[in-house]
Amino acid sequence: IATMSRVGEIIVYAEAGHDPRTYDVHDDNKLIETQHDFSQFLRRKGIFSATHIKRLIRVNKITLDGTVVRFPREKPLIAYIPSQHSLVIDARKNYSYVAVHKPRGYVTNAPQAGEVQASSLIPPSMAGSLSCIGRLDKESEGLLLFTSDPTFTYDIINPYVPHTKEYHVWVSSPYL
């Protein structure tokens, strides 16, 4: 997470490329110890829903005085008094996008024994977090897009979202 807030402030990074929002909590002196109380406090401040806060905690996107906030099961871990601590929430999403040329012989979906999956063409460190957008037949070659961005995927594959698709096709025999 990029920065520290001042004591008695909450800084929220909501979207990449936008300035963070700052919340003044100098007057809040209530001790917060549980994940439920923590997420409800932030929800009441209008920062995010309690569910979203819990997700951000799970993926280590919230820091308290520079330390990642973690809650073990059913045990209070933090002692957060808003007026006495700094809190940073980084809700920016970091998506990956990869364009790959798929040669003939690779399959994009449900490989059978002995077949090679097109996802093997992307770096192994990224392969687990990316999904292929669309598909090409085993004997086809061309551009495949992989991403971890579900909104981008939806916009590309949804036929009701307007965008241009262009296909160039070469065949080995004339079509009759």
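What to know about the overall build of the protein chain
The helix and strand tally for the protein chain stands at four helices and 10 strands. Reading the secondary structure of the protein chain in the N-to-C direction produces β-β-α-α-β-β-β-β-β-β-α-β-β-α. Relative to a compact globule of 176 residues, whose C-alpha radius of gyration would be 16 Å, the protein chain shows 23 Å and is clearly more extended. By principal-axis analysis of the C-alpha atoms, the protein chain measures approximately 80 × 35 × 25 Å. Counting every position in the protein chain, which comprises 176 residues, the buried fraction comes to 31%. Accessible area of the protein chain: about 11,900 Å², with a carbon and sulfur share of 51%. Each charge class in the protein chain was averaged separately, 20 positive and 18 negative side chains, and the resulting centres sit 5 Å apart.

Considerations on the sheet that holds strand S1 (residues 9-13)
Hydrogen bonds between backbone groups are what pair the strands of a sheet, and the pairing can be parallel or antiparallel. The five strands lie next to each other as S2-S1-S5-S3-S4, forming an open sheet whose pairing is mixed. In the strand order of this sheet, the two ends are held by strand S2 (21-24) and strand S4 (67-68), each with one partner. Bridge count for S1 against strand S5 (residues 87-90) is four bridges, and the pairing is parallel. Along S5, the bridge assignment pairs Tyr13 with Asp90. Of the strands in this sheet, S1, strand S3 (62-64) and S5 are in contact with helix H1 (residues 35-44), which crosses S5 at around 80 degrees.

Considerations on the nonpolar core
The biggest cluster of nonpolar side chains holds 21 residues, and the ones touching the most others in it are Ile10, Phe38, Leu42, Ile62, Tyr80, Leu87 and Ile89. Broken down by secondary-structure element, the contributors of at least two residues to this core are S1, H1, helix H2 (50-58), S3 and S5. What Tyr80 contacts, discounting residues up to four positions off in sequence, is Ile10, Val25, Lys30, Leu31, Ile32, Phe38, Phe41, Leu64, His85 and Leu87.

Concerning the side chain of Thr108
Along the chain, the position of Thr108 falls in the loop between strand S7 (106-107) and strand S8 (116-117). Here the side chain of Thr108 touches Leu136 through a polar contact of 3.4 Å, landing on its backbone oxygen. Among residues more than four places away in sequence, those in contact with Thr108 are Lys102, Gln117, Ala118, Arg135, Leu136 and Leu144.

What about the pattern of salt bridges?
On inspection of all chains with the given rule, the structure shows three salt bridges. In this structure, Asp28 engages Lys45 in a salt bridge whose closest nitrogen and oxygen atoms are separated by 2.9 Å. Pair noted here: Asp28 is in the loop between S2 and H1 and Lys45 is in the loop between H1 and H2, with a separation of 17 residues, a long-range link. For Lys45, a relative accessible area of 31% gives the class partly exposed. The partner of Lys138 in a salt bridge is Glu115, with the nearest N and O atoms 3.2 Å apart.

So, the sheet that holds strand S10 (residues 142-147)
Taken in spatial order, the three strands make up an open sheet running S6-S10-S9, and their pairing is antiparallel. One side of each edge strand has no neighbouring strand; the edge strands of this open sheet are strand S6 (97-102) and strand S9 (131-133). In this sheet, adjacent strand axes meet at a mean angle of 35 degrees when their direction is disregarded. Where S6 meets S10, six bridges bridge the pair, whose relative direction is antiparallel. Within S10, the position partnered with Val100 by the bridge is Leu144. The sheet contacts of helix H4 (residues 150-157) involve S6, S9 and S10, and relative to S9 the element is tilted by about 25 degrees.

Conventions adopted
- Residues numbered from 1 in each chain as written.
- Predicted model: local features only at pLDDT ≥ 70, side-chain atom pairs only at ≥ 80, totals over all residues.
- Heavy atoms only, no water.
- Helix = DSSP H or I, 4+ residues; strand = E, 2+ residues; numbered from the N terminus.
- Rg over C-alpha atoms; globule rule 2.2 N^0.38 Å.
- Buried < 20%, exposed > 50% of the residue type's maximum accessible area, 1.4 Å probe, protein only.
- Areas by Shrake-Rupley, 256 points an atom, 1.4 Å probe, with all protein chains shown as cover.
- Lys, Arg positive; Asp, Glu negative; His and termini not counted.
- Charge placed at Lys NZ, Arg CZ, Asp CG, Glu CD.
- Pairing = 2+ DSSP bridges.
- Contact = heavy atoms within 4.5 Å.
- Axes fitted to C-alpha atoms, helices over the stretch in contact; angles between N-to-C directions.
- Core = buried A, V, L, I, M, F, W, Y, C linked by side-chain atoms within 4.5 Å.
- Polar contact = N/O pair within 3.5 Å; in protein donor to acceptor, adjacent residues only side chain to side chain.
- Salt bridge = Lys/Arg side-chain N within 4 Å of Asp/Glu carboxyl O.

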